[in-house]
Amino acid sequence: MRYFATTCELQNISLAAQMLYISQPALSATLAGLEKEVGFKLFNRKSKGVIPTEEGLLLLQHINSVLKRANLLQQEIPLISRHQQVIRVGFRPYSGETVFFRLFKQYQSECGTDGLILKVNEMSNITPYVFLDENQIDFLFGSTRSMPAGLESKYEYTQVGAEKLQLFAHESSPIFQREVVHMEDLQTYPSVFWQGHQVLLDHITREMAQKGLQMNCISILPQISGLIQFVYHNIAIGFLGAGYVESIPSIREVPLGEDVIKLFGEEIIPIMAYWKKNIENYETKKKFIDYLKTISC
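Thresholds, definitions, all that
Residues numbered from 1 in each chain as written. Predicted model: local features only at pLDDT ≥ 70, side-chain atom pairs only at ≥ 80, totals over all residues. Heavy atoms only, no water. Helix = DSSP H or I, 4+ residues; strand = E, 2+ residues; numbered from the N terminus. Buried < 20%, exposed > 50% of the residue type's maximum accessible area, 1.4 Å probe, protein only. Areas by Shrake-Rupley, 256 points an atom, 1.4 Å probe, with all protein chains shown as cover. Lys, Arg positive; Asp, Glu negative; His and termini not counted. Charge placed at Lys NZ, Arg CZ, Asp CG, Glu CD. Pairing = 2+ DSSP bridges. Contact = heavy atoms within 4.5 Å. Polar contact = N/O pair within 3.5 Å; in protein donor to acceptor, adjacent residues only side chain to side chain. Axes fitted to C-alpha atoms, helices over the stretch in contact; angles between N-to-C directions. Parallel < 35°, antiparallel > 145°, perpendicular 65-115°, else oblique. Left-handed = near helix turned anticlockwise from the far one by under 90°. Nonpolar A, V, L, I, M, F, W, Y, C, P; charged D, E, K, R; others polar. Salt bridge = Lys/Arg side-chain N within 4 Å of Asp/Glu carboxyl O. UniProt positions renumbered as here; feature names shortened; annotations may be inferred. Arc of directions from axis to C-beta.

### Brief notes about the overall build of the chain
- Looking only at helices and strands, one finds 10 helices and 11 strands in the chain.
- With the C-alpha coordinates aligned to their principal axes, the bounding extent of the chain is approximately 85 × 50 × 35 Å.
- In the chain, which comprises 297 residues, the share counted as buried stands at 41%.
- Carbon and sulfur atoms make up 51% of the accessible area of the chain, which totals about 16800 Å².
- When the 28 basic and 31 acidic side-chain charges of the chain are each reduced to a single mean position, those positions are 8 Å apart.

### Side note on the pairing of strand β8 (residues 217–221)
- Alignment of strand β7 (residues 191–194) against β8, held across four bridges, turns out to be parallel. Among the inter-strand pairings, Trp194 is bridged to a residue of β8, identified as Leu221.

### Focus on the environment of Pro174
- With respect to the helices and strands, the residue Pro174 is situated in the loop between β6 (155–170) and β7.
- In this structure Pro174 comes out as partly exposed when scored by relative accessible area, which is 39%.
- Measuring from C-alpha to C-alpha, the distance between Pro174 and Asn234 comes to 9.6 Å, with 60 residues separating the pair along the chain.

### Some remarks on the environment of Asp259
- Its place among the elements puts Asp259 in helix α9 (residues 258–264).
- A relative accessible area of 27% means that Asp259 is categorised as partly exposed.
- With 123 residues separating them along the chain, Asp259 and Gln136 place their C-alpha atoms 45 Å apart.
- Apart from residues lying up to four places away in sequence, Asp259 is in contact with Val181, His182, Met183 and Glu184.
- In this structure the side chain of Asp259 is engaged in a polar contact, spanning 3.2 Å, whose partner is the side chain of His182.
- A polar contact of 2.9 Å, which involves the side chain of Asp259, links it to the backbone nitrogen of Met183.

### What about the pairing of strand β1 (residues 43–46)?
- The sheet contact formed by β1 and strand β2 (residues 49–52) spans four bridges and is antiparallel. Bridging from a neighbouring strand, Phe43 pairs with Pro52 of β2.
- Here β1 folds back onto β2, and the loop between the two strands holds two residues.

### Here's the deal with the side chain of Ser219
- For Ser219, the position within the fold is in strand β8.
- For Ser219, a relative accessible area of 18% gives the class buried.
- Dropping the residues within four chain positions of it, Ser219 is found in contact with Ser191, Val192, Phe193 and Phe230.

### A look at the packing of helix α1 (residues 2–10) against helix α2 (residues 13–20)
- The interhelical angle for the contact between α1 and α2, taken along N-to-C directions, is 130°, at an axis separation of 8 Å. Relative to α2, α1 is oriented oblique. Taken as a pair, α1 and α2 cross one another with a handedness that is right-handed. Between α1 and α2, the residues in contact are Tyr3, Thr6, Thr7 and Leu10 and Ile13, Leu15, Ala16, Met19 and Leu20, respectively.
- In terms of residue class, the contact of α1 with α2 is made up of seven nonpolar, two polar and no charged.

### Comments concerning the pattern of salt bridges
- Following the criterion strictly, the structure yields three salt bridges and no others.
- One salt bridge in this structure joins Asp138 and Arg88, with 2.9 Å as the shortest N-O distance. Note that Asp138 is positioned in the loop between α6 (129–133) and β5 (139–143) and Arg88 in strand β3 (residues 86–91), a separation of 50 residues in sequence.
- The partner of Asp185 in a salt bridge is Arg178, and the shortest N-O contact between them spans 3.0 Å.
- Given a relative accessible area of 5%, Asp185 falls into the buried group.

### Concerning the UniProt feature "domain: HTH lysR-type" (unreviewed entry) in the chain
- In this numbering, the UniProt entry assigns the feature "domain: HTH lysR-type" (unreviewed entry) to residues 1–53.
- Spanning residues 1–53, this segment combines 60% helix with 15% strand, and its end C-alpha atoms are found 16 Å apart.

### Thoughts on unusual backbone geometry
- Despite not being glycine, Tyr21 shows a phi value in the positive range, around 60°.
- Inspection of the secondary structure puts Tyr21 in the loop between α2 and α3 (24–38).
- Owing to a relative accessible area of 77%, Tyr21 belongs among the exposed residues under this scheme.
- Of note, Asn234 is a non-glycine position whose phi angle comes to about 60°, a positive value.
- Residue Asn234 is classed as partly exposed on the basis of its relative accessible area of 32%.

### Points about α2
- When α2 is considered as a whole, its buried residues turn out to be Ile13, Ala16, Ala17 and Leu20. On an axial view of α2, the arc spanned by its buried residues comes to 100°, and they lie on one face.
- Elements that come into contact with the buried residues of α2 comprise α1, α3, β1 and β2.
- Its side-chain oxygen 3.0 Å from the backbone nitrogen of Ser14, Asn12 forms the N-cap of α2.
- Looking one or two residues beyond α2, the residue adopting positive phi is Tyr21, at roughly 60°.

Structure below.
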């Protein structure tokens, strides 16, 4: 299959043989044997080489898929041999990732991670617990909203942090000229929202409309990074979890009046770590679990 794919790519049997470190007659014989096995012609000859037939191109699609899996297996074999030293962590975008990376840095500092292999999976799936079910990850970090009811029978879990939405602006924004920001100010200063907070935006818009006010929202963004750019360049104010901007000194939390606090709520969202009970049989994973439980105390 590699011989065939390489010949298709180079469209020249002599060049393909050189790249594959075999003789041209040996490659030609292999390709002839493959044609006999599949039962159709793979190449048409041209003046300076060969080109795949339509049937050959269809076969190439399948072969490339097989070779991709084979290459992945080759990469995974060293990890399989060191399975007990691997920790596979998953989280949904903007739900648990800030807590995880901060926690893992502490874990490295306090417990040492010599020989530990960390694999991270950022999942856009709306049901990330499926990755736990199918053993694609060892740990899932996220809010309780990410998990189904009745999870106690299938998973162990512990709270490892919390997230709370706050209003942020660039330190030079005129909004800081106010001692606190009230509801009417939200129609004065341009704001941006992440599309994952659409429910919050709809709620704020309805509540302000009842008081004859209009939210000055200029953009709803698919990525948190875009929202941060709006705030960083002092184009707009934005609602974010504190963890996303703590390393950007020019972005500051905006002091809010009681009316705004009530408007978008003071809900603190617990961030949990979930894992299947059977992984506690592995020493490396058990050590990490013990640390997570210590953090939660």
